[in-house]
Amino acid sequence: MDGDTASPSSILSLPRAALRACRDTVRQAAKLALDIALPTLCVACREPVDGEGVCAACWAKLAFIAPPYCPRLGIPFVYDPGPDMLSMEAIADPPAYMRARAVVRYDEVARTLVHGLKYQDRTDFAPIMGRWMARAGHELLDGADMLIPVPLHWRRAWHRRFNQSGALGRVIQDTIGVKLRGDLLKRVRATEQQVGLSRPQRASNVQGAFEVSRERRGEVAGRRVVLIDDVLTSGATLDACARALLRAKAAQVDVLVFARVVDSPKPPI
């Protein structure tokens, strides 16, 4: 008799399950109605698009970086110079980090995405940018122990309200499963904006600006780290970050960005 009697907890669980199912149905219906009322827009020009991403016109303007490129700096070559051939930049002034990879050249559409994310609170740009970065940086991310976003000084973080590098890093973390550690590398000195500074001025501006505290160095030592940022211009900021991580005994530091400045001409279509 007792075995056939439902327990009070099982009886109470029935309306809870029904309530959850009802909430899920309402949520899905609301999302469908919103998708119909507000069609997906291109993340760059805001024109309606089918699905998620950029429209055909903006896609055509994006200059994706693909092989052949410098195996050290990821700078695209106009022609294939052969395996393991380094760019002149990598030979003349090798950075502290081992390798760098970027999704696209920093041009018109890329600039719209980067500036929207960084300065206009367009955090809705981060998912597609981060997923593109995960694909472009697969060789760096394979075997990486952690992702570390380029940190902001606390005053700039307070003014901007979020770190765009951290936003991109969270998407990459969720995409490929490598842990994002935004608590290890700190910007210990406020610096000027790098925009408008020459290459030597950029390097001087960020010298000694980053640090891994002594009590946290054990969490970095012996690890393969991938630094995450939105744009690589001269590389001074990322180089300073890499040096701080290497002082903390990181085994290797690589760099993954959404866009990079490229001085060389685009390859012919």
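Quantities reported herein were computed from a predicted structural model and do not represent experimental measurements.

Enquirer: A description of the overall build of the protein chain should follow, citing residues and the corresponding values.
Expert: Along the protein chain, the regular secondary structure elements total 10 helices and six strands. Counting across all 269 residues of the protein chain, residues that qualify as buried make up 42%. Nonlocal contacts in the protein chain, meaning residues at least 24 apart in sequence, comprise 73% of its contacts between residues at least 6 apart. Accessible surface, the protein chain as shown: approximately 15200 Å² in total, 56% of it carbon and sulfur.

Enquirer: Would you mind going over the packing of aromatic side chains in detail, with residue names and values included?
Expert: Using the criterion set out here, one finds four aromatic pairs in the structure. Taking the centre distance of 4.9 Å and the plane angle of 45 degrees together, the rings of Trp-59 and Phe-64 count as tilted. On the basis of relative accessible area, Trp-59 is assigned to the partly exposed category, the value being 46%. Arranged with centres 5.4 Å apart and planes meeting at 80 degrees, the rings of Phe-64 and Trp-132 form a pair that is edge-to-face. Of this pair, Phe-64 sits in the loop between helix H2 (56–61) and helix H3 (88–92) while Trp-132 sits in helix H5 (residues 126–136), placing them 68 residues apart in sequence. A network of ring pairs unites the aromatic residues Trp-59, Phe-64, Trp-132 and Phe-258 as a single cluster.

Enquirer: Lay out the nonpolar core in plain terms, naming residues and giving numbers.
Expert: Counting 39 residues, the largest nonpolar core has Leu-113, Met-129 and Phe-258 as the members making the most contacts within it. Listing elements by their share of this core, those giving two or more residues are strand E1 (100–105), helix H4 (108–119), H5, helix H6 (138–141), helix H8 (164–176), strand E5 (224–232) and strand E6 (252–260). Sort the elements by how many residues they give to this core and H5 lands first, with six residues. Among the nonpolar cores identified, the runner-up in size contains 35 residues, and Ile-65, Ala-102, Met-146 and Ala-242 belong to it.

Enquirer: So what's going on with the side chain of Asp-229? Which residues, and what values?
Expert: Its location among the elements puts Asp-229 in strand E5. Buried Asp-229, no salt bridge; nearest opposite-charge side chain is Lys-118, N-O distance 6.1 Å. Polar contacts involving the side chain of Asp-229 include one to the side chain of Ser-165, which spans 2.7 Å. For Asp-229, the contacting residues outside a window of four places in its chain are Met-133, Val-150, Gln-164, Ser-165, Leu-168, Leu-238, Leu-256, Val-257 and Phe-258.

Enquirer: Residues and numbers for the sheet that holds E5, please.
Expert: Read from one edge of the open sheet, four strands run E1-E6-E5-E2, paired in parallel fashion. Strand pairing shows two members of the sheet lacking a second neighbour, E1 and strand E2 (146–149), which therefore form its edges. On average, each strand axis in the sheet is inclined to that of its neighbour by 20 degrees, with strand direction left out of account. In this structure, E5 lies alongside E6, joined through eight bridges in parallel fashion. Paired with Ile-228 across the two strands is Leu-256, which belongs to E6. In the packing of H4 onto the sheet, the strands contacted are E1, E5 and E6, and the crossing angle to E6 comes to about 110 degrees.

Enquirer: Tell me about the confidence of the model for the protein chain, and please be specific about residues and values.
Expert: Looking at the protein chain as a whole, its pLDDT mean stands at 84, while 77% of the residues score no less than 70. Contacts for the low-pLDDT stretch residues 30–37, under 50 throughout, to residues beyond four places or in other chains number zero contacts.

Enquirer: I'd love a proper account of helix H10 (residues 236–247), names of residues and values included.
Expert: The end-to-end C-alpha distance of H10, which contains 12 residues, comes to 17 Å, matching closely the 16 Å that a straight helix rising 1.5 Å per residue would cover. Counting buried positions along H10 yields nine of 12 residues, so the element is predominantly enclosed. Of the residues one or two after H10, Lys-249 is the one with positive phi, at around 75 degrees.

Enquirer: Can you tell me about the state of the cysteines, naming the residues and giving the values?
Expert: Evaluation of the coordinates by the stated rule reveals zero disulfides. Unpaired in terms of disulfides, Cys-58 finds its nearest cysteine sulfur in Cys-55, a separation of 3.6 Å. The buried category is assigned to Cys-58, whose relative accessible area is 7%.

Thresholds, definitions, all that
- Residues numbered from 1 in each chain as written.
- Predicted model: local features only at pLDDT ≥ 70, side-chain atom pairs only at ≥ 80, totals over all residues.
- Heavy atoms only, no water.
- Helix = DSSP H or I, 4+ residues; strand = E, 2+ residues; numbered from the N terminus.
- Buried < 20%, exposed > 50% of the residue type's maximum accessible area, 1.4 Å probe, protein only.
- Contact = heavy atoms within 4.5 Å.
- Areas by Shrake-Rupley, 256 points an atom, 1.4 Å probe, with all protein chains shown as cover.
- Phe/Tyr/Trp six-rings, centres within 6.5 Å; stacked < 30°, edge-to-face > 60°.
- Core = buried A, V, L, I, M, F, W, Y, C linked by side-chain atoms within 4.5 Å.
- Lys, Arg positive; Asp, Glu negative; His and termini not counted.
- Salt bridge = Lys/Arg side-chain N within 4 Å of Asp/Glu carboxyl O.
- Polar contact = N/O pair within 3.5 Å; in protein donor to acceptor, adjacent residues only side chain to side chain.
- Pairing = 2+ DSSP bridges.
- Axes fitted to C-alpha atoms, helices over the stretch in contact; angles between N-to-C directions.
- pLDDT = per-residue confidence, 0-100.
- Expected span 1.5 Å × (residues − 1).
- Disulfide = S-S within 2.5 Å.

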